[in-house]
Amino acid sequence: MENKECCCHKTKERSEEEYKSLIHRLNRIEGQIRGIRNMVEKSAYCPDILIQVAAANAALNSFSKELLSQHIRTCVARDIRDGRDETIDELVATLQKLMK
């Protein structure tokens, strides 16, 4: 029996602009992570590495905020309009995980 509430069966249609923006952000974050690895490999000074780690964390947080904002404006709003109140519980659970 397939459970339609399982998140692994849901997908999201994204506009080309939204898709490109998210991928661009992820590519920049990936570059930051590669840069941090390179710094470790070259025995860079710890505070210099930590500053780059903080920048990568900030970029990931910014990505999460943008994705969450888009999710609320599209999927959550649509589901509430369609009477699928279980989406609110899903959103609350997601926010609780993000705030750990």
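Bear in mind that the values here come from a model prediction, so they are computed numbers and not experimental data.

**Q** Just checking my understanding: could you explain the overall build of the protein chain for this structure?
**A** Secondary structure summary: the protein chain contains three helices and zero strands in total. Order of helices (α) and strands (β) in the protein chain, N terminus to C terminus: α-α-α. A globule of 100 residues ought to have a C-alpha radius of gyration of about 13 Å, yet the protein chain, at 18 Å, is considerably larger. The dimensions of the protein chain, computed from C-alpha atoms along their principal axes, are 55 × 30 × 30 Å. Taking all contacts inside the protein chain whose residues are at least 6 apart in sequence as the whole, residues at least 24 apart take part in 47%. Of the roughly 8,000 Å² that the protein chain leaves accessible, carbon and sulfur atoms contribute 56%.

**Q** What's the story with the side chain of Thr87 in this structure? I'm lost.
**A** Its place among the elements puts Thr87 in helix α3 (residues 86-98). With a relative accessible area of 4%, Thr87 lands in the buried category. When sequence neighbours within four positions are dropped, the list of residues in contact with Thr87 reads Val76 and Asp79.

**Q** Is there a simple way to explain the confidence of the model for the protein chain in this structure?
**A** Any segment with low pLDDT has predicted coordinates that should not be analysed in fine detail. A residue-level look at the protein chain finds 91% of positions with pLDDT of 70 or above and a mean pLDDT of 90. At the level of individual helices and strands, the protein chain shows its lowest average pLDDT in α3, which scores 94, and its highest in helix α1 (residues 16-41), which scores 97.

**Q** I keep staring at a nonpolar patch on the surface and nothing clicks. Help me out?
**A** Together, Tyr19, Ile23 and Leu26 line one region of the surface with nonpolar side chains, adding up to about 250 Å² of accessible area. Assignment of secondary structure puts Ile23 in helix α1. For Ile23, a relative accessible area of 32% gives the class partly exposed.

**Q** What should I look at first to understand α1 in this one?
**A** Residues separated by three or four positions in an α-helix point in the same direction, a consequence of the helix having 3.6 residues per turn. Its 26 residues give α1 an end-to-end C-alpha distance of 37 Å, which sits within 8% of 38 Å, the value for a rise of 1.5 Å per residue. Among the residues making up α1, those that are buried are Glu18, Leu22, Ile29 and Ile36. Looking one or two places after α1, you find Ser43, whose phi comes out positive at around 55°.

**Q** Please clarify how the pattern of salt bridges should be interpreted in this entry.
**A** If the charged atoms of two oppositely charged side chains come close together, the side chains can form a pair. What the rule picks out here adds up to eight salt bridges. Notably, a salt bridge pairs Glu30 with Arg34, separated by 3.7 Å at the nearest N-O pair. Taken together, the residues span about one helical turn, with Glu30 and Arg34 both in helix α1 at a distance of four residues. According to the relative accessible area criterion, Glu30 is partly exposed, its value standing at 43%. Judged by relative accessible area, Arg34 falls into the partly exposed class, the value being 42%. When the shortest N-O distance is used, the salt bridge between Arg37 and Glu41 registers 3.7 Å. Pair noted here: Arg37 and Glu41 are both in helix α1, with a separation of four residues, about one helical turn. Overall, Glu41 belongs to the exposed group, its relative accessible area being 56%. Among the charged side chains, a salt-bridge network with shared partners connects Arg78, Asp79, Asp82 and Arg84.

What counts as what
Residues numbered from 1 in each chain as written. Predicted model: local features only at pLDDT ≥ 70, side-chain atom pairs only at ≥ 80, totals over all residues. Heavy atoms only, no water. Helix = DSSP H or I, 4+ residues; strand = E, 2+ residues; numbered from the N terminus. Rg over C-alpha atoms; globule rule 2.2 N^0.38 Å. Contact = heavy atoms within 4.5 Å. Areas by Shrake-Rupley, 256 points an atom, 1.4 Å probe, with all protein chains shown as cover. Buried < 20%, exposed > 50% of the residue type's maximum accessible area, 1.4 Å probe, protein only. pLDDT = per-residue confidence, 0-100. Patch = residues over 30% accessible without salt bridge, like charges linked within 9 Å, V, L, I, M, F, W, Y side chains within 5 Å. Salt bridge = Lys/Arg side-chain N within 4 Å of Asp/Glu carboxyl O. Expected span 1.5 Å × (residues − 1).

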